[in-house]
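Residues per chain, in single letters:
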Amino acid sequence: MSTKDPMAVERANLLNMAKLSIKGLIESALSFGRTLDSDYPPLQQFFVVMEHCLKHGLKVRKSFLSYNKTIWGPLELVEKLYPEAEEIGASVRDLPGLKTPLGRARAWLRLALMQKKMADYLRCLIIQRELLSEFYEYHALMMEEEGAVIVGLLVGLNVIDANLCVKGEDLDSQVGVIDFSMYLKNEEEIGNKERNVQIAAILDQKNYVEELNRQLNSTVSSLHSRVDSLEKSNTKLIEELAIAKNNIIKLQEENHQLRSENELILMRTRQHLEVTKVDVETELQTYKHSRQGLDEMYNDARKQLRDESQLRQDVENELSVQVGMKHEIELAMKLLEKDIHEKQDTLIGLRQQLEEVKAINIEMYQKLQGSEDSLKEKNEIIARLEEKTNKITTAMRQLEQRLQQTEKAQMEAEDEGEKCAQECLSKSDSLQRQISQKEQQLVQLETDLKIEKEWRQTLQEDLQKEKDVLSHLRNETQQIISLKKEFLNLQDENQQLKKIYHEQEQALQELGSKLCESKLKIDDIKEANKALQGLVWLKDKEATHCKLCEKEFSLSKRKHHCRNCGEIFCNACSDNELPLPSSPKPVRVCDSCHAMLIQRCSSNVP
């Protein structure tokens, strides 16, 4: 015959009772109407069964006056493992009618059922087996697989709505006895209820799935909120990147435009140089042919007339082209001015953003300094609390030594009394007096022990409070460390933004210098066009001699146009510069125009 383990049999019996009570409670609640009161018998039996399950294998704890064996210790541990259970613990401690730990545990079970979180709370306990080993034996139901099965069955109770009044009940003096008559069924009742078993099982499965779906929905909603916050931060960063990229693209386009304009100006200057070279060559040819006969001169003059007429047409065409170019240059200037204004606005916006970032950095730095000061103060408080705990431990050791001394004194007194009783009866009166004195001493020692016990309880409560303060301070230090990390991340982002800002400023400065150069070139072109509009310029081929000194032009004696009259002179006769109405800058003028303009200025001056 193989003998079964009695503890395993007890666990199996309790598991079966828990199954029956949970199943019966759900079935009766579905038939009764899902909302249950505290007077409902299946609900009372469920709490009794749960109490027996939690008591199974509970370790006995010794105290000064009695032995303690309650389930309030492991249930009180749920607050540290599951933060949402702090409300239940606080409300149970605030109840006025509860005096014993067992009554508090019963009130805790009722409140957990009303909150529909009994399965979640007990699941946290079962996972932490190292902490449970302080309260339960290794063979207890909560330490084995049966405890996990019961916790899984408790999820089905989330279908029930319980309205329990915990304040009015006398939970301290209740006797937890399981009524097996509720679970013993007749064959007729079984035959009648077999039809509803399948429907009840389907409803249980449905409610279980709904509860799991509710928990999954809560986790999904929390994940969605996290994803939304991450997406918002990501979109902000993407927008900033897109703005920076757009600015870079605009600057690149403007750079390309300026380069194309510079290339066009270079092409025009080269064409103009080629035309001047051709004019010089033609002048040399005419100079060589002029030494030949008059007949050849006559034929050359005819050819020159034809060439000059063609050149005049070409010059007129060039003037029309230059007028069109002038309009285009004015439009380009307006567009460039608009772009410069827009870039100045963007620069101002970027500087404002930099100032805002600097203000945020200053605020974060001030917060960091404040948090560091609070950290220092909290570290000092922690050091003081540790000193207090050391003092309390030394006081507790002294109290234990006193207790041992009193017990030894009591034992010695008893031994002396027995010896004196055996030795002689004559000394009984004196011994009785000594015994009475010792009894008085014992009464005094007991009173001292009670006082020391109360003092020890107060010291333990102070220790618990100081531990709570320490945990709170540690949480705050962790928050401060996370704030430090965020501040460092913000500093890195600030440095990156500063780098981007400096790069954009350098690019804008380069663009500004290029724009200034292009503006100066456009002003020169404008002045040249204004000067060309009011004058009829002589062609280089028509002038062979200086108009003032009448000396012949050559390679050493070059031709120069007067910007006032348009005639061609040599360098010596046109070595003067004056500002004209068409151009505010001083330009080349011949001697006669120079004298005439000076006379006009002197006559206009009073």
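In this text the structure is predicted, and so the values were computed from the model without any measurement.

Caption draft 1: Quick look at the overall build of the protein chain. Secondary structure assignment for the protein chain yields 13 helices and eight strands. Within the protein chain, buried positions represent 27% of all 606 residues. For the protein chain, the share of sequence-separated contacts (at least 6 apart) that also reach a separation of at least 24 residues comes to 69%. Within the structure as shown, the protein chain displays about 42600 Å² of accessible surface, and the carbon and sulfur contribution to it stands at 53%.

Caption draft 2: Main features of the packing of aromatic side chains. Counted under the stated rule, the structure contains three aromatic pairs. Centre to centre, the rings of F46 and F47 are 5.5 Å apart; their planes meet at 55°, and the pair counts as tilted. Of the two residues, F46 and F47, neither departs from the other in class, the shared state being buried. Residues Y82 and Y121 carry aromatic rings whose centres are separated by 5.3 Å and whose planes lie at 70° to one another, so their mutual orientation is edge-to-face. You can see Y82 sitting in the loop between α4 (78-81) and α5 (86-94) and its partner Y121 sitting in helix α7 (residues 118-127), a full 39 residues away along the chain. Judged on exposure class, the residue Y82 and its partner Y121 are both buried. Three or more aromatic residues joined by ring pairs make a cluster, and in this case those are Y82, W108 and Y121. Across from the ring centre of F47, 4.3 Å away, lies the NZ or CZ of R110, which sits over that ring.

Caption draft 3: Summary view of the nonpolar core. Ranked by size, the top nonpolar core spans 62 residues in total, and within it F46, W108, M118, L122, Y136, L154 and L157 carry the most contacts. Put simply, the parts of the chain that give this core at least two residues each are α1 (6-32), α2 (41-55), α3 (72-76), α5, α6 (101-115), α7 and α9 (145-154). Dropping the residues within four chain positions of it, L122 is found in contact with M50, L54, L75, V151 and L154. Counting residues in each nonpolar core, the second largest holds 15 residues, with C546, L580, V587 and C593 among its members.

Caption draft 4: Geometry of the side chain of N576. Following the sequence through the fold, N576 ends up in strand β7 (residues 576-579). By relative accessible area, N576 is classed as buried at 18%. Those residues in contact with N576 that lie beyond four places of it in its chain are V587, R588, V589, C590, D591 and H594.

Caption draft 5: Focus on the UniProt feature "coiled-coil region" (unreviewed entry) in the protein chain. Following the UniProt record, one finds the feature "coiled-coil region" (unreviewed entry) at residues 227-261 and 298-514. The span residues 227-261 carries 100% helix and 0% strand; its end-to-end C-alpha distance comes to 50 Å.

Caption draft 6: Seen up close, a nonpolar patch on the surface. On the surface, a nonpolar cluster with roughly 250 Å² of combined accessible area is contributed by Y208, V209 and L212. Within the element layout of this structure, V209 appears in helix α10 (residues 187-290).

Caption draft 7: Summary view of the pattern of salt bridges. Within the structure shown, the criterion is met by eight salt bridges. We note a salt bridge from E146 to R11, for which the minimum N-O separation is 3.5 Å. Of the two residues, E146 is situated in helix α9 and R11 in helix α1; the sequence distance between them amounts to 135 residues. Each member of the pair, E146 as well as R11, carries the same accessibility label: buried. Note that E51 is salt-bridged to K55, the shortest N-O span being 3.1 Å. With E51 and K55 both in helix α2 and four residues apart, the pair spans about one turn of that helix.

Caption draft 8: Representation of the environment of H52 in the model. Tracing the backbone through its elements, the reader meets H52 in helix α2. Given a relative accessible area of 31%, H52 falls into the partly exposed group. As a C-alpha pair, H52 and V177 span 125 residues in sequence and 9.1 Å in three-dimensional space.

Caption draft 9: How the structure looks around α9. Along α9, the residues classified as buried are E146, G147, I150, V151 and L154. Axial view of α9: buried residues confined to an arc of 140°, hence all on one face.

Caption draft 10: Molecular detail of unusual backbone geometry. Positive phi is not limited to glycine here, since K116 has a value of about 60°. Within the element layout of this structure, K116 appears in the loop between α6 and α7. K116 sits in the partly exposed class, given a relative accessible area of 25%. Positive phi is not limited to glycine here, since E550 has a value of about 60°. Along the polypeptide, E550 turns up in the loop between α12 (428-534) and β5 (560-561).

Caption draft 11: Highlighting the side chain of N158. Examined against the element boundaries, N158 turns out to sit in the loop between α9 and β4 (161-162). The exposure class assigned to N158 is buried, which follows from its relative accessible area of 8%. Ignoring anything within four residues of it in the chain, the contact list for N158 reads K116, K117 and E211.

Caption draft 12: Layout of the state of the cysteines. On inspection of all chains with the given rule, the structure shows zero disulfides. Between C562, a free cysteine, and C565, which holds the nearest cysteine sulfur, the sulfur-to-sulfur gap is 3.6 Å. Note on C562: relative accessible area 0%, which makes it buried.

Caption draft 13: Examining the packing of α2 against α6 more closely. Following both chains from N to C, one finds α2 and α6 inclined at 120°, their axes separated by 11 Å at the closest point. The pairing of α2 with α6 is recorded here as oblique in orientation. The element α2 and its partner α6 pack so that their crossing is right-handed. Facing L43, F46, F47, E51, L54 and K55 of α2, the residues of α6 in contact are L102, R106, L109, R110 and L113. Residues of the contact of α2 with α6, tallied by class, amount to seven nonpolar, no polar and four charged.

Caption draft 14: The arrangement of α7 in detail. Among the 10 residues in α7, eight count as buried, and that is most of the element. Turning to α7, its buried residues number three or more, namely M118, A119, D120, Y121, L122, C124, L125 and I126.

Caption draft 15: Examining the packing of α5 against α6 more closely. Contact pair α5 / α6: the axes reach a minimum separation of 10 Å and the direction vectors enclose 135°. As judged from the angle between their axes, α5 and α6 are oblique. Along this stretch, α5 crosses α6, giving a crossing that reads as right-handed. In this structure, α5 contributes E87, I88, S91 and V92 to the contact, and α6 contributes R104, A107, W108, L111, A112 and Q115. In terms of residue class, the contact of α5 with α6 is made up of six nonpolar, two polar and two charged.

About the cut-offs
Residues numbered from 1 in each chain as written. Predicted model: local features only at pLDDT ≥ 70, side-chain atom pairs only at ≥ 80, totals over all residues. Heavy atoms only, no water. Helix = DSSP H or I, 4+ residues; strand = E, 2+ residues; numbered from the N terminus. Buried < 20%, exposed > 50% of the residue type's maximum accessible area, 1.4 Å probe, protein only. Contact = heavy atoms within 4.5 Å. Areas by Shrake-Rupley, 256 points an atom, 1.4 Å probe, with all protein chains shown as cover. Phe/Tyr/Trp six-rings, centres within 6.5 Å; stacked < 30°, edge-to-face > 60°. Lys NZ or Arg CZ within 6 Å of the ring centre and 35° of its normal. Core = buried A, V, L, I, M, F, W, Y, C linked by side-chain atoms within 4.5 Å. UniProt positions renumbered as here; feature names shortened; annotations may be inferred. Patch = residues over 30% accessible without salt bridge, like charges linked within 9 Å, V, L, I, M, F, W, Y side chains within 5 Å. Salt bridge = Lys/Arg side-chain N within 4 Å of Asp/Glu carboxyl O. Arc of directions from axis to C-beta. Disulfide = S-S within 2.5 Å. Axes fitted to C-alpha atoms, helices over the stretch in contact; angles between N-to-C directions. Parallel < 35°, antiparallel > 145°, perpendicular 65-115°, else oblique. Left-handed = near helix turned anticlockwise from the far one by under 90°. Nonpolar A, V, L, I, M, F, W, Y, C, P; charged D, E, K, R; others polar.

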